[in-house]
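# Examining the three-dimensional arrangement
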Amino acid sequence: MTATQTPPAPTPRLPISVLTGFLGSGKTTLLSRLIRDPGMARTAVVINEFGEVGLDHLLVSKADENTVLMDSGCLCCTIRSDLSDTLRDLYMRRLRGEVPEFDRVVIETTGLADPAPILHTLMTDPLIASRFRLDGVVTTVDAVHGMKQLDEHEESLKQAAVADRVVLTKTDIADKDAVYNLRHRLQHLNPGATQVDAQKDESLPVLLFEAGLYNPQTKSLDVQRWLKAEAYEGDGHDHGHDHDHGHHHHDHGHDHDHDHAHCDHDHGHCAHDHGHDHDHHHDANRHNDKIHSFVVTHEAPLSWDKLVGFFETVAQAHGDSILRVKGLLNVEEAERPIVIHGVQHLFHPPVQLEGWPTDDHRTRIVFIVKDLQKDTVQALFDAMVTAKA
Ligand SMILES: Nc1nc2c(ncn2[C@@H]2O[C@H](COP(=O)(O)OP(=O)(O)OP(=O)(O)O)[C@@H](O)[C@H]2O)c(=O)[nH]1
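Structural notes, computed from the coordinates. Small disclaimer: the values here were computed from a predicted structure and weren't measured.

In terms of regular secondary structure, the protein is built from 14 helices and 15 strands. The burial tally for the protein puts 56% of its 389 residues in the buried class. Surface accessibility of the protein: about 16300 Å² in total, with carbon and sulfur atoms responsible for 51%.

Below is the structure:
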């Protein structure tokens, strides 16, 4: 994004979901289940090493050495040299009719991958950015080993922090209290992500793959869900109590389910829950994750040039600390709102929406960061964007 760019008009692009998660956290198991779902037909799945993915029994034909067609209708291909080449090639073959027409792409990363470089590729390669859009990041977290992995492996923390959807796996074999604590820790780490239970939630494709940065059919609603700024408001980096309120308030479905499950399965356990909640607050504070999130908001419309200057400066000065930025901007020069998102030093080309998702027309910018305080970013924003010239 540069100061000379004007906000572009909306273009329909194919949604890409990035499926990530720590080693052994259940990505492949989830994917195998998903591609059997009729709702996932017309999906192209891009994976790092096809041989490792036990999907062979689902195959019916092989388009070439890298690409196979599943009997579910999904296309599955391996990343050859790099992700850009693979996506470009896939797109061109779709255009030429050499592979079945697909409507979405799911990229499965390796368990140790930091998702940032993959998001970079999707945002910066001009050809890819003009044909695809990032729909969302789906992260699997192992309910048995997840807590330890978050403690010990920064990749695991980053994967959970940048997620739009967190899928808890192995809840069938995990200790109930451990699941409860893990859910709360993830809620602190990433209040904007919806938590999904791979074992309980039936309609997984809908829950996971409509994160929607920009969906021409249902754009307004989706942007609201994607940004989920209200989950970050009132601060972002500590305060278990605030977040828990936010959680119960904003994420009815899942948390409710969880709490009910907790009670239903074990009468008398509900009373114990309250004490348990307290334990959790200690727990969350004890972890003191360096990764946290906050939102910068502003009421009045803002100058596009100043906003661009702010994003350029913040990326330059603090890019290493920025895991993800998502924003809905009220721009003076534009009649309609503009959506931006970025990872570290890079920003996706901005997208102009057809209208505001709700009556709330404030600029809201969500930052998911590591070792960076809200005050620092807010001061920069105040100095560069809202200060009177
Ligand atoms: N009980 C149970 N086991 C699961 C669940 N999800 C995955 N597993 C098992 O966990 C193991 C690892 O699952 P995978 O799907 O291979 O995990 P992955 O994230 O793809 O692993 P890598 O590709 O090595 O990073 C396998 O033995 C799965 O059968 C679950 O929800 N419940």
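Moving on to the pairing of strand β7 (residues 132-142). β7 sits mainly inside the fold: eleven of its eleven residues count as buried. Pairing geometry for strand β1 (residues 14-21) and β7, over eight bridges, is parallel. Its bridge partner being in β7, Ser 17 is matched across the sheet by Gly 136. With five bridges connecting them, β7 and strand β8 (residues 165-169) associate as parallel partners. Each residue of the ladder has a partner; that of Val 138, found in β8, is Arg 165.

Moving on to the packing of aromatic side chains. For the coordinates displayed, the defined rule picks out five aromatic pairs. For the ring pair Tyr 91 and Phe 132, a centre distance of 5.5 Å and an interplane angle of 75° mean the geometry is edge-to-face. Residue Tyr 91 is found in helix α2 (residues 83-95), and its partner Phe 132 is found in strand β7; the two are separated by 41 residues along the sequence. For the pair shown, Tyr 91 and Phe 132 are each scored as buried.

The subject of this paragraph is the site of the ligand. Every one of the 14 residues lining the ligand counts as a neighbour, but Lys 27, Thr 28, Thr 29, Asp 172 and Gln 199 are closest to it. Contact between the ligand and Gly 26: an oxygen atom at 3.0 Å from a main-chain N or O atom of the residue. One nitrogen or oxygen atom from the side chain of Thr 28 is found 2.7 Å from an oxygen atom belonging to the ligand. Coverage of the ligand by the protein amounts to 63% of the 650 Å² it exposes when considered alone. Take the shell around the ligand: its biggest share by element is three residues, from helix α1 (residues 27-35). Grouping the amino acids of the shell around the ligand by side-chain chemistry returns three nonpolar, eight polar and three charged.

When you line up the elements, Gln 373 lands in the loop between β15 (363-370) and α14 (374-386). By relative accessible area, which is 40% here, Gln 373 ends up partly exposed. Along the primary structure Gln 373 and His 292 are separated by 81 residues, whereas in three dimensions their C-alpha atoms are 8.9 Å apart.

The next subject is the packing of helix α13 (residues 304-318) against α14. Viewed as axis vectors pointing N to C, α13 and α14 meet at an angle of 145°, and their least axial separation amounts to 9 Å. As α13 runs across α14, the sense of the crossing is right-handed. Of the residues in α14, those touching α13 at Lys 306, Leu 307, Gly 309, Phe 310, Thr 313, Val 314 and His 318 are Thr 376, Val 377, Leu 380, Phe 381, Met 384 and Val 385.

A few words now on the packing of helix α6 (residues 154-161) against helix α7 (residues 176-189). Put simply, α6 and α7 touch, their axes get as near as 9 Å, and they point 70° apart. On the basis of the axis angle, α6 is roughly perpendicular to α7. Counting all contacts with α6, which are made through Leu 157, Ala 160 and Ala 161, the residues of α7 involved are Arg 185, Leu 186 and Leu 189. Looking at the contact of α6 with α7, its residues break down into five nonpolar, no polar and one charged.

Attention now goes to the pattern of salt bridges. A full pass over the atoms with the stated rule returns 17 salt bridges. Ionic pairing is found between Lys 170 and Asp 142, a salt bridge with its closest N-O pair at 2.9 Å. In this pair, Lys 170 sits in the loop between β8 and α7 while Asp 142 sits in strand β7, placing the two residues 28 residues apart along the sequence. Given the relative accessible area of 25%, Lys 170 is considered partly exposed.

Turning our eyes to something else, we now look at the nonpolar core. Inside soluble globular proteins, nonpolar side chains tend to come together where they are buried. Val 46, Leu 87, Val 105 and Leu 122 are the most contacted members of the largest nonpolar core, which has 48 residues in total. Element by element, the count of residues in this core is highest for helix α3 (residues 115-124), at five residues. Looking at which domains feed residues into this core, each of domain 1 (14-61 + 75-212) and domain 2 (291-386) supplies at least three. If we ignore the near neighbours within four places in the chain, the residues touching Leu 87 are Ile 16, Val 46, Val 105, Ile 107, Leu 122, Ile 128 and Phe 132.

Examined against the element boundaries, Arg 13 turns out to sit in the segment before β1. In this structure, Arg 13 is buried with no salt-bridge partner, the nearest side chain bearing the opposite charge being Asp 125 at 11 Å. Those residues in contact with Arg 13, other than ones at most four positions away along the chain, are Ala 129, Ser 130, Arg 131, Phe 132, Arg 133, His 348 and Val 351.

Of all eight residues in α6, six are buried, a share of seventy percent or more. All of the buried residues along α6 are Ser 156, Leu 157, Lys 158, Gln 159, Ala 160 and Ala 161.

Next up on the list: the pairing of strand β10 (residues 291-298). When you tally the buried positions in β10, you get six out of eight residues, the bulk of the element. Of the pairings in the sheet, the one linking β10 to β15 comprises eight bridges and is antiparallel in character. Residue Val 296 lies in a different strand from β15, and its bridge partner there is Ile 365.

Conventions used here
- Residues numbered from 1 in each chain as written.
- Predicted model: local features only at pLDDT ≥ 70, side-chain atom pairs only at ≥ 80, totals over all residues.
- Heavy atoms only, no water.
- Helix = DSSP H or I, 4+ residues; strand = E, 2+ residues; numbered from the N terminus.
- Buried < 20%, exposed > 50% of the residue type's maximum accessible area, 1.4 Å probe, protein only.
- Areas by Shrake-Rupley, 256 points an atom, 1.4 Å probe, with all protein chains shown as cover.
- Pairing = 2+ DSSP bridges.
- Phe/Tyr/Trp six-rings, centres within 6.5 Å; stacked < 30°, edge-to-face > 60°.
- Near = heavy atom within 4 Å.
- Polar contact = N/O pair within 3.5 Å; in protein donor to acceptor, adjacent residues only side chain to side chain.
- Nonpolar A, V, L, I, M, F, W, Y, C, P; charged D, E, K, R; others polar.
- Axes fitted to C-alpha atoms, helices over the stretch in contact; angles between N-to-C directions.
- Left-handed = near helix turned anticlockwise from the far one by under 90°.
- Contact = heavy atoms within 4.5 Å.
- Parallel < 35°, antiparallel > 145°, perpendicular 65-115°, else oblique.
- Salt bridge = Lys/Arg side-chain N within 4 Å of Asp/Glu carboxyl O.
- Core = buried A, V, L, I, M, F, W, Y, C linked by side-chain atoms within 4.5 Å.
- Domains from an automatic or database assignment.
- Lys, Arg positive; Asp, Glu negative; His and termini not counted.

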